[in-house]
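# Structural description and commentary
This is what each chain is made of:
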Amino acid sequence: MHFSSVLKFVAVVAPIFAQSASGWNFTAYDAEGCGETANIAADTVEKTGNVECELVPNAAQHKSIQGSIPSGSECRLNFYPREGCGDKVAFALTQYSTKCFSISDFTSPLQYYKATDCE
């Protein structure tokens, strides 16, 4: 391997190792029970850092949700029914929210999310 090839490899791989270890995710399921039964459709969002306000994929179909936020993190995922994430928080996930939660009783789908204190 030539020296220039090694440098190109390092330039490509280095950002992967430099990423924050405080990545978080949530998975929203189209059925109750967070996919305890096979063949349940789901949408997973995986990110690092804060998120201002983004759309939850296929939000109208979701009936349960489960999050994964690193232990010791102050990261909080807030969910909202309307665009802008300026309303009162309808639902939230933290490092302590590790079980499956039903969201089927909400009168409006949790269409948007915001991640704070995740850096």
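Heads up: these notes are all about the structure in this document.

Each value, and the rule that gives it
- Residues numbered from 1 in each chain as written.
- Predicted model: local features only at pLDDT ≥ 70, side-chain atom pairs only at ≥ 80, totals over all residues.
- Heavy atoms only, no water.
- Disulfide = S-S within 2.5 Å.
- Helix = DSSP H or I, 4+ residues; strand = E, 2+ residues; numbered from the N terminus.
- Buried < 20%, exposed > 50% of the residue type's maximum accessible area, 1.4 Å probe, protein only.
- Core = buried A, V, L, I, M, F, W, Y, C linked by side-chain atoms within 4.5 Å.
- Pairing = 2+ DSSP bridges.
- Axes fitted to C-alpha atoms, helices over the stretch in contact; angles between N-to-C directions.

With that settled, consider the state of the cysteines. Here, disulfide denotes a covalent bond that connects the sulfur atoms of two cysteines. According to the stated counting rule, one finds 3 disulfides in the structure shown. With its sulfur 1.9 Å from that of its partner, Cys 75 forms a disulfide with Cys 118. In this structure, the disulfide formed by Cys 75 and Cys 118 twists by about 70° around the S-S bond and is classed as right-handed. On the criterion of sequence distance, the pair formed by Cys 75 in the loop between β4 (64–68) and β5 (76–80) and Cys 118 in the segment after β8 (112–116) is long-range, its members being 43 residues apart. On the accessibility criterion, Cys 75 (2% relative accessible area) is buried. Sequential numbering of the bridged cysteines in the chain gives the disulfide pattern 1-5, 2-4, 3-6.

It is worth spelling out the nonpolar core at this point. Membership of the largest hydrophobic core comes to 19 residues, with the highest contact counts inside it found for Trp 24, Phe 26, Ile 65, Leu 77, Phe 79, Leu 93 and Tyr 113. At the level of elements, β1 (24–29), β5, β6 (91–93) and β8 are the ones that each hand at least two residues to this core. Looking at this core element by element, the count peaks at 3 residues for β1.

Taken across its 6 residues, β1 has 5 buried, putting it largely inside the fold. Sheet topology note: the β1/strand β2 (residues 42–47) ladder contains 6 bridges and is antiparallel. Of the residues in β2, the one forming a bridge with Phe 26 is Val 45. By the bridge criterion, 5 bridges tie β1 to β4 in an arrangement that is antiparallel. Bridging from a neighbouring strand, Asn 25 pairs with Ser 68 of β4.

This next bit is on the sheet that holds β8. The strand order across the open sheet built from 4 strands is β3-β8-β5-β6, with neighbouring strands paired in antiparallel fashion. The sheet terminates laterally at β3 (51–55) and β6, the two strands that pair on one side only. Strand-to-strand twist across the sheet, computed as the mean angle between neighbouring axes with direction ignored, equals 20°. Examined bridge by bridge, β5 and β8 share 5 bridges and lie antiparallel to one another. Counted as the bridge partner of Tyr 80 is Tyr 112 from β8.

These values are about where atoms sit, not about what they do.
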